[in-house]
Amino acid sequence: MLAQSLNTFILALTAGLAAAAPADADADAELSIRMSGFRNDDGQVLIAVFRGEAGFPGDPSKAWKTAVARVARGQARVDMAVPAGEYAFAIVHDENGNNAMDTTWVGIPKEGYAASNNAKGRLGPPKYRDAKFSVGADGAIQRIVIQYF
């Protein structure tokens, strides 16, 4: 179930990247997503940022913003201007750059993933209530550790 949910997420995220919303004109704070724990520097990191529960984490077409980052020395970072408010995000380490979550023959993810607040799901993706966080006028930093099976 977890593998299927994550695979659905990565496929939707890939489709949602082209449809990402433009930057918010009221953005006056900075959200910094600092990621570590990558097992290699291969591929790309796909990030979907949500401004509410709708679509989190499996429907990036409902994401407020999406981003792609590169891994260097086991770390990646994305900084974006955002208005103050409540957010959650989901991340996939697409190691081979094929825009798909690779899985074993029994459906267990072979690639890394994470969510804001380092929230973890039970038998599926994390819940919005566990991943949500607030960005104030001074901005916010989220330090995320990528997980692998």
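I will try to describe carefully the structure that is included in this document. (Residues numbered from 1 in each chain as written. Predicted model: local features only at pLDDT ≥ 70, side-chain atom pairs only at ≥ 80, totals over all residues. Heavy atoms only, no water.)

To continue, consider the overall build of the chain. If you tally the helices and strands in the chain, you get two helices and eight strands. Along the chain, from the amino end to the carboxyl end, the secondary structure elements read α-β-β-β-β-β-β-α-β-β. Looking at the chain residue by residue over its 149 residues, the buried ones come to 46%. As presented, the chain carries roughly 7,500 Å² of accessible surface, and 49% of it is formed by carbon and sulfur atoms. (Helix = DSSP H or I, 4+ residues; strand = E, 2+ residues; numbered from the N terminus. Buried < 20%, exposed > 50% of the residue type's maximum accessible area, 1.4 Å probe, protein only. Areas by Shrake-Rupley, 256 points an atom, 1.4 Å probe, with all protein chains shown as cover.)

On to the packing of aromatic side chains, then. Using the criterion set out here, one finds six aromatic pairs in the structure. When the centroid spacing of 5.5 Å and the interplanar angle of 90° are considered together, the rings of F50 and F56 count as edge-to-face. Considered together, F50 and F56 belong to a single accessibility category, that of buried residues. Relative to Y128, the ring of F56 has its centre 5.9 Å away and its plane inclined at 75°; by these criteria the two rings are edge-to-face. Of the two residues, F56 sits in the loop between β2 (44–50) and β3 (65–69) while Y128 sits in helix α2 (residues 128–131), which places them 72 residues apart along the sequence. Residue F56 shares its accessibility class with Y128, and that shared class is buried. Grouping aromatic residues by their ring pairs yields a cluster made of W64, Y87, F89 and F133. (Phe/Tyr/Trp six-rings, centres within 6.5 Å; stacked < 30°, edge-to-face > 60°.)

If you trace the three strands from one edge of the open sheet to the other, you get β4-β1-β8, paired in mixed fashion. Taken across any chain shown, the strands that pair with only one partner, and hence form the sheet edges, are β4 (75–82) and β8 (140–145). The mean angle between the axes of side-by-side strands here comes to 15°, regardless of whether they run parallel or antiparallel. In this sheet, β4 lies alongside strand β1 (residues 29–36) in antiparallel orientation, the contact comprising eight bridges. In the strand pairing of β4, S36 is matched with Q75. (Pairing = 2+ DSSP bridges. Axes fitted to C-alpha atoms, helices over the stretch in contact; angles between N-to-C directions.)

Residue P57 is reached from F56 by a cis peptide bond, and omega for that bond is -15°. As for its position among the elements, P57 is in the loop between β2 and β3. Of note, N117 is a non-glycine position whose phi angle comes to about 60°, a positive value. Tracing the chain through its elements places N117 in the loop between β6 (113–115) and α2. Backbone geometry places N118, a non-glycine residue, at a positive phi of 55°. Judged by relative accessible area, N118 falls into the partly exposed class, the value being 26%.

Before going further, it helps to spend a moment on the pattern of salt bridges. One pass over the full model with this rule turns up three salt bridges. Between E95 and R39 there is a salt bridge; the shortest N-O distance is 2.8 Å. One end of the pair, E95, is in the loop between β5 (85–94) and β6; the other, R39, is in the loop between β1 and β2, with 56 residues separating them in the sequence. A relative accessible area of 46% means that R39 is categorised as partly exposed. (Salt bridge = Lys/Arg side-chain N within 4 Å of Asp/Glu carboxyl O.)

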